[in-house]
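In case you want the letters, here they are:
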Amino acid sequence: MRNLILTSALLVASFSASAVKAPFKNNEVLNREVISNYSELALLNYNDSLAGARELKSEIAKFIKLAEENAVSAKEQFEMVKKTWSIDARLPYGQSEIFRFYNGPVDFEAIDDGVVTYLESINFEGVEGLMNAWPLDEIYIDYVKEDSSAGLVNNRGIELTKEVIVSMNEREGEKNISTGYHAIEFLLWGQDRSLETAGTRPYTDYVTGGTAKNQDRRRTYLSLLIDLLDDHLSSVTNQWVKGETNYRTEFLKRDTNSVLTDIFISMTSMAGDELKSERIENAFLLEDQEEEHSCFSDQTINDIYTNALGVKNIYFGEYSAQNLDKKINGKGISDLVAFVNPALDKKIATKFKSLFNNINFFYKKSRSGEVQIGNINTPFDRALTTNKVEIQNIIDDLGAIDELLREAALELGLEIE
């Protein structure tokens, strides 16, 4: 009888143990694997972005030389520069924006809280605002239809140097952007005043005696901008290099819950406030193409795709480089969520699939039906009035992913807000 009672007690104890969800904090090994893979992913994404920027630098140098010589091939090279900006440079950088929002290297600012971090100890300065600030008031940089003498390009009283261009960024106004991807974009495409095409700046704006005055300063400005982009991307990339005394080393030594909280903050911030609200809904509600991200080149669909892909990359722990023959497929946030709530992980995966199906609507397709990422069929400015339902679908999916990720953070015992 006593043995029967003991056996029954053991069975009850065994059932109780299996019914209790495994505490997340006990799976420290998986936490470390996810965070380590995240660091590898950050480094590869930034190296890929830097490779794209350097390819753009090379193509710009070729174009400037041909424009100086007024060579016939300058026109063809100008188109090559624009293609390189759109694909090689922008596609990886758009994904890297997921490493913002938690005071990491790209958007770092010193905090007076009595704790000196590594970046504070070396007086590091975040450069996100120097690389990707927008919206941009084009009259601050170069001529516009209403004023042929506008902008830094046409003010010969200002010496164009890297230091001056940096010092002029956001001076006397947050739209007074003088540097970064979108300053380069405007110098390549010019104003976009049509729903049928992107900006139509002629390559002869750079040719001596060409279609706009101060061609020499326009060439100098474009050359300095790509040098600055190389500098700024290099400074951020170096902070993620493995085995160095840098931000990454400190990042990997931190409490895992603190790091995972930062990662969730970046994913929800990008999916919700930044991409859904700032970058899509504002333009959608106002039906204003001036509010779209890459308004001069009509490449905003690519921005939406890559920003969303950045969130997905972190969730699944994967990255495929655009400019390098490398990819990562390791432990991601999905593994952690599946550990505590497999149903929630499947729900998030399903919502990501829906999101990319809806974004892919705006890309051209091959004869076999394969989506051609980067080859935009319907630009965002036109879609604001012609494809409201399809844009609303993207907004709804991003909102749902934001909410589901917040639910996942709670399941993992993390407080993100």
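Residues numbered from 1 in each chain as written. Predicted model: local features only at pLDDT ≥ 70, side-chain atom pairs only at ≥ 80, totals over all residues. Heavy atoms only, no water.

### Digging into helix H14 (residues 342-360)
Working note: α-helix, 3.6 residues per turn, so residues spaced by three or four point in the same direction. In this model H14 runs 27 Å from its N-terminal to its C-terminal C-alpha over 19 residues, within 8% of the 27 Å that 1.5 Å per residue would give. Taken together, the buried positions of H14 are Leu344, Asp345, Ile348, Phe352, Leu355, Phe356, Asn358, Ile359 and Asn360. Buried-residue contacts for H14 involve helix H12 (300-316), helix H13 (333-340), strand S3 (363-365), strand S4 (371-376) and helix H16 (388-411). (Helix = DSSP H or I, 4+ residues; strand = E, 2+ residues; numbered from the N terminus. Expected span 1.5 Å × (residues − 1). Buried < 20%, exposed > 50% of the residue type's maximum accessible area, 1.4 Å probe, protein only. Contact = heavy atoms within 4.5 Å.)

### Here's the deal with the pattern of salt bridges
In the structure shown here, the tally under the stated rule is 27 salt bridges. Glu146 is paired through a salt bridge with Arg193; the nearest N and O atoms lie 3.3 Å apart. You can see Glu146 sitting in the loop between helix H5 (128-131) and helix H6 (151-154) and its partner Arg193 sitting in the loop between helix H8 (181-189) and helix H9 (215-238), a full 47 residues away along the chain. Each member of the pair, Glu146 as well as Arg193, is classed as exposed. One connected set of salt bridges, linked through shared partners, spans Glu97, Arg100, Glu128, Glu274 and Arg279. (Salt bridge = Lys/Arg side-chain N within 4 Å of Asp/Glu carboxyl O.)

### Overview of the pairing of S4
Direction of pairing for S3 relative to S4: antiparallel, over a ladder of two bridges. Considered in S4, the bridge of Lys365 is made with Val371. Where S3 folds back on S4, the antiparallel hairpin that results is connected by five residues, among which Gly369 adopts a positive phi of roughly 90°. (Pairing = 2+ DSSP bridges.)

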